[in-house]
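Fold and geometry: a report
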There are 2 protein chains.
Amino acid sequence: MFTQAGYVGKSKLDFPEFGVARGTPWRSVEGTGREQGPELGAASEPRCRGRAGGAACGVLQTKRAGEMLFSQGDRADGAYEVVRGMLRLYKMLPDGRRQITGFVSTGELVGVTPNGARPYTAEAVTDLVLCRFPPAAFDRMIDEQPGFARRLLSATADDLDAAQEQMLLLGRMTAVEKVVSFLLVLAKRQGGVLARFVDLPMGRNDIADYLGLTIETVSRTLSRLKQAGSIGLPTPTRVEIRDIRRLEMLAHDGAAAAA
Amino acid sequence: MFTQAGYVGKSKLDFPEFGVARGTPWRSVEGTGREQGPELGAASEPRCRGRAGGAACGVLQTKRAGEMLFSQGDRADGAYEVVRGMLRLYKMLPDGRRQITGFVSTGELVGVTPNGARPYTAEAVTDLVLCRFPPAAFDRMIDEQPGFARRLLSATADDLDAAQEQMLLLGRMTAVEKVVSFLLVLAKRQGGVLARFVDLPMGRNDIADYLGLTIETVSRTLSRLKQAGSIGLPTPTRVEIRDIRRLEMLAHDGAAAAA
DNA sequence: CGTCCGATTGATGCGGGTCAAATTGGGTGG
DNA sequence: CCACCCAATTTGACCCGCATCAATCGGACG
């Protein structure tokens, strides 16, 4: 009944005629002209597989951790698929307060609907490999590939649902519930239903700005969960799920700490 | 730069081949079999204008204030256009905490993407007149009407942006900023850029659950704005905008109260 | 070994939640 | 038309969870 989809990530298109061939090696990149991406060896395929009528329509590029992909207010100019790494998307208030609206992981799309201005900023959380699709590519796909539009619509609707789930988290959950929900969503995304270890590629700052908390509260909450035996923290970026049952209780009823 | 789209409402499709003819009178309705809707006199057009290849594909129905249209978890079965009145959409936690994710006003669509289960509950805020579109109607439109899919995608993307804007509000704004932003968004929607009077069709409870606050805080905040001379409250459901300049400052920097 | 940045831990204060009571006003029946 | 009733709103008193401010820790890197 209560799906708890969470909101870590964006559209996963899963349309075989479009997008990067998974695991495809690559070499040259657009933009900065870097010849070699982070962690990836040189290889042979410079272009994404996306095609509209036989012509390749995506181009690979890289970003270093912390670099900006595009900024709130920029004129939108195409979409990106994350080939490797993670993006953060956020909106800011004039005085600097920031709300991260989502993290985009490998295989997911960001920046669809290329009309007008970007409604959020996109930055690299980790080193990134991306594939850019110009707006024209999407238009052609929508007009020419039956089923593509529906797939795109469905992916966007999934994003919308995730955003609404996150609204429930931000508006109505306590700090414990927020942190635990976040961990459980990550655990499910990273390893099916039960992953014993969860990676946190993003720092405490990002987690806080995603959950509507402060760094200190995130840190304290994790520490408390650790000393209660619910989780382990071998390193700050790695969480061990020790008592999944307890965590699932805490996710929707922080008061269950009594049990 | 900071669009402040807010999140009051859902997709506005604006596709001439689809949807209810604005202002069309009507008579018979599906469902409860009521012969006369709230406030609307009897007339002649029982069906919505939406067509796919010439066949009408939408059917009118009504709901009383407080009635449920569909519930979180229900199997999705078609979309609705609000012909008259207002809907609230919400998600709940097991213990009853509620987050309203949006209000749907006249002319807007809700429940697109008819796959699987409804991710939220939809209830009538006011008495309603609706037009229901079965899933098949959408599928036909997508396949047969060029441009329809893109319009639908664009509308959903607008909803997504509004949801993200609301995430910023829920996660990072103070009570004053939340309430003032809400009022300003309503003002813009109801009367272009500057409407002197704003209607609040929903109760304090709905406002609170939409802004991630309690009834008491919403009420207190409105009272404080009133006694500061920024707004007037002729009735609890009607707000007079008295100092738009001040309100716009408060919307993004609650501390501006000092000025 | 020293520096630096992110994470953790501690002390304190406040914004908004909670509980409780008073007030308002819209709708109904006399 | 008026009085009553009830639900929604407003107001008050108090408290708590989380933010804020500040200091310390710890691992990565040169």
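Residues numbered from 1 in each chain as written. Chains lettered and ligands numbered in written order. Predicted model: local features only at pLDDT ≥ 70, side-chain atom pairs only at ≥ 80, totals over all residues. Heavy atoms only, no water.

**Considering the relation of the copies chain B and chain A**
Worth spelling out the cut-off: To superpose the copies, least squares is applied to the C-alpha atoms of every residue with a pLDDT of at least 70 in both. Residue contacts follow a heavy-atom distance rule, with two residues in contact if any of their heavy atoms lie within 4.5 Å.
Note on the identical chains: chain B maps onto chain A by a rotation of 180° and an axial translation of 0.0 Å, with an RMSD of 0.0 Å. Viewed as a symmetry operation, the transformation between the two copies matches a two-fold axis. The residues that chain B uses at the interface reappear at the interface of chain A in 96% of cases, marking a shared surface.

**Details of the sheet that holds strand 12 (residues 231-235) of chain A**
Residues and elements named next belong to chain A. Cut-off, in case you're wondering: When DSSP finds two or more bridges between a pair of strands, those strands are recorded as paired. The numbering of helices and of strands both runs from the N terminus, where a helix is a DSSP run of H or I of at least 4 residues and a strand a run of E of at least 2. Here an axis means a line fitted to C-alpha atoms, over the contact stretch when the element is a helix, while the angle between two N-to-C directions is reported on a 0 to 180 degree scale.
Ordered in space as 11-13-12, the three strands form an open sheet in which the pairing is antiparallel. Each edge of the sheet is formed by a strand with only one pairing partner; in this case those strands are strand 11 (197-199) and strand 12. This sheet shows a mean twist of 30° between the axes of neighbouring strands, independent of strand direction. Inspection of the sheet shows strand 11 paired to strand 13 (residues 238-241) by three bridges, in the antiparallel sense. Counterpart to Phe-197 in the pairing with strand 13 is Glu-240.

**Some remarks on the protein's contact with DNA strand C**
Put simply, the test is: Nearness of a residue to a molecule or strand requires only that one of the residue's heavy atoms be within 4 Å of it. The term polar contact refers here to a pair of N or O atoms within 3.5 Å; inside protein, the definition further demands a hydrogen-donor-capable atom paired with an acceptor-capable atom, and it admits residues adjacent in sequence only when both atoms are side-chain atoms. Under the grouping applied here, Gly and all other residues not named as nonpolar or charged are polar, the nonpolar ones being Ala, Val, Leu, Ile, Met, Phe, Trp, Tyr, Cys and Pro and the charged ones Asp, Glu, Lys and Arg.
Around DNA strand C sit 14 residues in total, of which Arg-204, Arg-220 and Ser-223 of chain A together with Ala-175 and Thr-217 of chain B are the nearest. Protein-adjacent atoms of DNA strand C, using a 4 Å cutoff, are sugar or phosphate at a proportion of 64%. Ala-175 of chain B is positioned such that a nitrogen or oxygen atom in its backbone is 2.7 Å from a phosphate oxygen of DNA strand C. Thr-214 of chain B is positioned such that a nitrogen or oxygen atom in its side chain is 3.1 Å from a phosphate oxygen of DNA strand C. If you list the elements that add at least two residues to the surface near DNA strand C, you get helix 5 (215-227) of chain A together with helix 5 (215-227) of chain B. Among the elements that make up the surface near DNA strand C, the one with the highest residue count is helix 5 of chain A (four residues). Partitioning the surface near DNA strand C into residue classes produces two nonpolar, seven polar and five charged.

**Some details on the packing of aromatic side chains**
The condition that has to hold: Ring geometry is summarised as follows: Phe, Tyr and Trp rings, the Trp one being its six-membered ring, pair when their centres sit within 6.5 Å, and such pairs are stacked at plane angles under 30 degrees, edge-to-face over 60 and tilted between the two. In this scheme, a residue with accessible area under 20% of its type's maximum is buried, one over 50% is exposed, and one in between is partly exposed, where area comes from a 1.4 Å probe on protein chains only. A ring is considered to have a charge above it if a Lys NZ or an Arg CZ atom is located within 6 Å of its centre and within 35 degrees of its normal.
For the structure shown, the criterion picks out 10 aromatic pairs over all chains. Residues Phe-138 of chain B and Phe-148 of chain B carry aromatic rings whose centres are separated by 6.1 Å and whose planes lie at 55° to one another, so their mutual orientation is tilted. Linking Phe-138 of chain B in helix 1 (residues 135-144) with Phe-148 of chain B in helix 2 (residues 148-172), this pair joins segments that are 10 residues apart in sequence. The exposure classification of Phe-138 of chain B matches that of Phe-148 of chain B, with both residues buried. By way of ring pairs, the aromatic residues Phe-70, Tyr-80 and Tyr-120 of chain A are connected into one cluster. In this arrangement the basic side chain of Arg-118 of chain A is found over the ring face of Phe-70 of chain A, its NZ or CZ atom lying 4.0 Å from the centre.

**Looking at the environment of Cys-131 of chain B**
Along the polypeptide, Cys-131 of chain B turns up in strand 10 (residues 128-133). Sequence separation between Cys-131 of chain B and Tyr-80 of chain B is 51 residues; the distance between their C-alpha atoms is 5.4 Å.

**Some details on the pairing of strand 6 (residues 87-92) of chain B**
Residues and elements named next belong to chain B. The buried fraction of strand 6 amounts to five of the six residues, a majority that puts the element mostly inside the structure. By the bridge criterion, six bridges tie strand 6 to strand 7 (residues 98-104) in an arrangement that is antiparallel. Bridging across to strand 7, Lys-91 finds its partner in Gln-99. Between strand 6 and strand 7, which pair antiparallel in sequence order, lie five residues; one of them, Gly-96, sits at a positive phi of approximately 105°. Across four bridges, the pairing between strand 6 and strand 9 (residues 121-124) is antiparallel. Bridging across to strand 9, Tyr-90 finds its partner in Thr-121.

**Let's talk about the interface of chain B and chain A**
Keep this limit in mind: Values labelled buried area give the accessible surface lost by two parts on being combined, using a 1.4 Å probe and summing over both. One speaks of a salt bridge when a side-chain nitrogen belonging to Lys or Arg is within 4 Å of a carboxyl oxygen belonging to Asp or Glu.
Contacts between chain B and chain A engage 51 residues on the former and 49 residues on the latter. Of the roughly 4500 Å² buried between chain B and chain A on both sides combined, carbon and sulfur atoms contribute 63%. If you sort the residues of chain B by the area they bury against chain A, Leu-153, Met-167 and Arg-172 of chain B come out on top, with a joint share of 18%. Summed over the shared surface of chain B and chain A, the number is 12 salt bridges. For the salt bridge of Glu-165 of chain A with Lys-91 of chain B, the shortest nitrogen-to-oxygen distance reads 2.8 Å. Between the two partners, chain B and chain A, sit 19 residue pairs in polar contact (both at pLDDT 80 or more).

**Description of the protein's contact with DNA strand D**
Residues in contact with DNA strand D amount to 14 residues; listed here are only the nearest, Thr-217 and Arg-220 of chain A together with Arg-204, Arg-220 and Ser-223 of chain B. Across the atoms of DNA strand D situated within 4 Å of the protein, the share located in sugar and phosphate is 62%. Separating a base nitrogen of DNA strand D from a side-chain N or O atom of Glu-216 of chain A is a distance of 3.0 Å. Among the secondary structure elements, those contributing two or more residues to the surface near DNA strand D are helix 5 of chain A together with helix 5 of chain B. Counting residues per element, the surface near DNA strand D draws most heavily on helix 5 of chain B, which supplies four residues. In the surface near DNA strand D, the residues fall into two nonpolar, seven polar and five charged.

**Structural notes on the nonpolar core**
Heads up, the rule is: Definition used in this section: a nonpolar core is a set of buried Ala, Val, Leu, Ile, Met, Phe, Trp, Tyr and Cys residues joined via side-chain atoms within 4.5 Å.
Counting 76 residues, the largest nonpolar core has Phe-182 and Leu-200 of chain A together with Phe-182 of chain B as the members making the most contacts within it. Ala-79, Val-112, Phe-133 and Leu-152 of chain A belong to the second largest nonpolar core, which has 28 residues in total.

**Some details on helix 3 (residues 175-191) of chain A**
Basically, it comes down to this: Here, expected helix span is obtained from the residue count minus one, scaled by 1.5 Å.
Taking 1.5 Å of rise per residue, the 17 residues of helix 3 of chain A would be expected to cover 24 Å, and the 24 Å separating its terminal C-alpha atoms lies within 8% of that figure. For helix 3 of chain A, the set of buried residues is Glu-177, Lys-178, Val-179, Val-180, Ser-181, Phe-182, Leu-183, Leu-184, Val-185, Leu-186 and Ala-187 of chain A.

**Focus on the domain arrangement of chain A**
Residues and elements named next belong to chain A. Spelled out, the test is: The split into domains, and so the bounds of each, comes from an automatic or database assignment of domains.
Domains assigned within chain A are domain 1 (12-169) and domain 2 (173-258). Contacts between the two partners involve 15 residues from domain 1, matched on the other side by 13 residues from domain 2. Buried area between domain 1 and domain 2, both sides added, is near 1200 Å², and the carbon and sulfur share of it is 55%. For domain 1, the biggest contributors to the area lost against domain 2 are Arg-98, Phe-103 and Leu-169; these three give 47% of the whole.

**Brief notes about the pattern of salt bridges**
Across all of its chains, the model carries 36 salt bridges over all chains by this definition. A salt bridge links Arg-242 of chain A to Glu-240 of chain A, with the nearest nitrogen and oxygen atoms 3.2 Å apart. Here Arg-245 of chain B makes a salt bridge to Glu-248 of chain B, at a shortest N to O gap of 3.1 Å. Of this pair, Arg-245 of chain B and Glu-248 of chain B both sit in helix 6 (residues 244-252), three residues apart, which is roughly one turn of the helix. Glu-248 of chain B gets classed as partly exposed once you look at its relative accessible area, which sits at 35%. Shared partners join several salt bridges into a network, and the residues in it are Arg-88, Arg-98, Glu-123, Asp-206 and Asp-209 of chain A together with Arg-172 of chain B.

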